[in-house]
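Tertiary structure, described
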Amino acid sequence: MCLAFPGKIISIKKNSAMVDFDGIKKEINISLTPEVKKNDYVVVHTGFAIQKMGKQEAKEALKIAF
Amino acid sequence: MKNIIEKINKIAEKIKKDVYIMEVCGTHTEAVARYGLRELMPKNVKLTTGPGCPVCVTSQEDIDAIVNLALSGIPVATYGDMMRVPGYYGSLDQAREKGALIFAVYSIDEALTIQKKYPNLVFFGLGFETTAPMTAYAIKKGLTVYSTHKLFLPAMQALLKIGELKIDGFLCPGHVSTIIGIEPYKSMKVSQVISGFTAEDILVSVYMLLKQIFDNKKIVENEYLRSVKKEGNPKAYQEIFDVFDIANGNWRGFGIIPQSGLEIKNKYKKFNAKIKYKKILDQVDFSFSRKLTSCKCGEIIRGLKSPQECSLFKKVCTSENPIGPCMVSSEGACNVFFRYMK
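Residues numbered from 1 in each chain as written. Chains lettered and ligands numbered in written order. Predicted model: local features only at pLDDT ≥ 70, side-chain atom pairs only at ≥ 80, totals over all residues.

Attention shifts here to the nonpolar core. Formed by 125 residues in total, the largest nonpolar core has its most connected members in Ala49 of chain A together with Ile66, Ala70, Val76, Phe123 and Leu210 of chain B. Look past the residues within four positions of Phe123 of chain B in its chain and what remains in contact with it is Ala77, Thr78, Ile108, Ala111, Ala138, Leu143, Thr144 and Val145 of chain B. (Core = buried A, V, L, I, M, F, W, Y, C linked by C-beta atoms within 7 Å. Buried ≥ 20, exposed ≤ 12 C-beta atoms within 10 Å, placed from the backbone. Contact = placed C-beta atoms within 7 Å.)

This is how it looks when you write it as structure tokens:
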């Protein structure tokens, strides 16, 4: 149940961000990571971003995850 | 990957004695089986499975409570994995067949949307520190919740304290740690590595654990650097304690573990389903909830038995017809063994 996936933020509107999971786009709640910005990579669990990832680390994670 | 397996073999040979490494996260249980990692281990390195599946550790009493609320006409929402877990009064899925209004959601935001149409909706909140912040967020927004949320470390401490089985090291949960960070683990004097979820992550973490065990070190190391920061996610962690008080937690397989549960603070009692619907819950006969069956989920959660040692496994208990929660959840040990161990 503690599954989480890395994705890239492509746009932000208030507490909601459109996140690209290697081609699949989904709206994600960013209330728990208010510091994130467009083009940041985040770890997403049950529809919420739970951590900001470094760009390089995220790219490696995406390669592994998808 | 070949290199890391060679390194594992070499250090295991040097250690000589049997080494028991427990993974305590359902997502790790699934990954270990999916990648066949248990079979890759040297003979003296035993990977065991612990209480890391939130669905599996949810107590029978809590399932019976939420099913009875649903059957009494209260709309209920929860995460999909929980729907098929049978209690004495059936599962939420079976309650739905009887006409109860039940919603399976991916995100608690969906429950907030459903609540607009059904204002008396109750969300059955389950999970560890990874999932509790989202529930706290939704309670602040006015969602009524039946909380079975739990803190993870008290279960690890309980396993060490009970001492029923040998644990030389823990493979610690990557996403719980993404929230709580590294510090809290330091209170436990045992070798620990926080691990990611790919085959490479887990193999590297096993090697790091074996190295600690060989060097007689009992520290916390972090392999999952791309997600786990030293301080975790302080905002999400704080969100939990804004809304919840630490209380006793009722775990399947353990019973009550002191200071391991999360109950809604008095400040938010308006949104606490246990208070709001006390009259209905008081009428539920829970004496059957504790009735012993031959299901071995409890012992499997504590790492004492493997699924194959349960007389029901693959015979009457299958993924199509699960008897216990460990067979229902896709991260439960029985379900994982059922799918991957041929």
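Residue and element names in this part refer to chain A. With a phi angle near 50°, Lys14 is a residue other than glycine that sits in the positive phi range. With respect to the helices, strands and loops of the structure, Lys14 is situated in the loop between strand 1 (5-13) and strand 2 (16-21). A count of 7 C-beta atoms within 10 Å places Lys14 in the exposed class. Not every positive phi belongs to a glycine, and Thr46 is a case in point at roughly 40°. Within the fold, Thr46 resides in the loop between strand 4 (41-45) and strand 5 (48-53). Overall, the presence of 23 C-beta atoms within 10 Å leaves Thr46 in the buried class. (Helix = DSSP H or I, 4+ residues; strand = E, 2+ residues; numbered from the N terminus.)

What follows deals with the interface of chain A and chain B. If you look at the interface, chain A gives 21 residues, while chain B gives 34 residues. Mapped by element, the contributors of at least two residues to the side of chain A that touches chain B are strand 4, strand 5 and helix 1 (55-65) of chain A. Taken together, the residues of the side of chain A that touches chain B sort by class into 13 nonpolar, seven polar and one charged. (Nonpolar A, V, L, I, M, F, W, Y, C, P; charged D, E, K, R; others polar.)

A separate point is the pairing of strand 8 (residues 191-194) of chain B. Residues and elements named next belong to chain B. Side-chain alternation along strand 8 places Ser191 and Val193 on one buried face and Gln192 and Ile194 on a second face that is also buried. The sheet contact formed by strand 7 (residues 169-172) and strand 8 spans four bridges and is parallel. Bridge assignment links Phe170 to a residue of strand 8, and that residue is Gln192. You can see the chain leave strand 7, run along helix 10 (residues 174-180) and come back into strand 8, and the turn it takes is right-handed. Alignment of strand 8 against strand 9 (residues 220-222), held across three bridges, turns out to be parallel. Residue pairing for strand 9: Val193 is matched across the bridge by Glu221. Crossover handedness for the path strand 8 to helix 11 (residues 199-214) to strand 9: left-handed. (Pairing = 2+ DSSP bridges. Right-handed = clockwise from strand over helix to strand, strands pointing away.)

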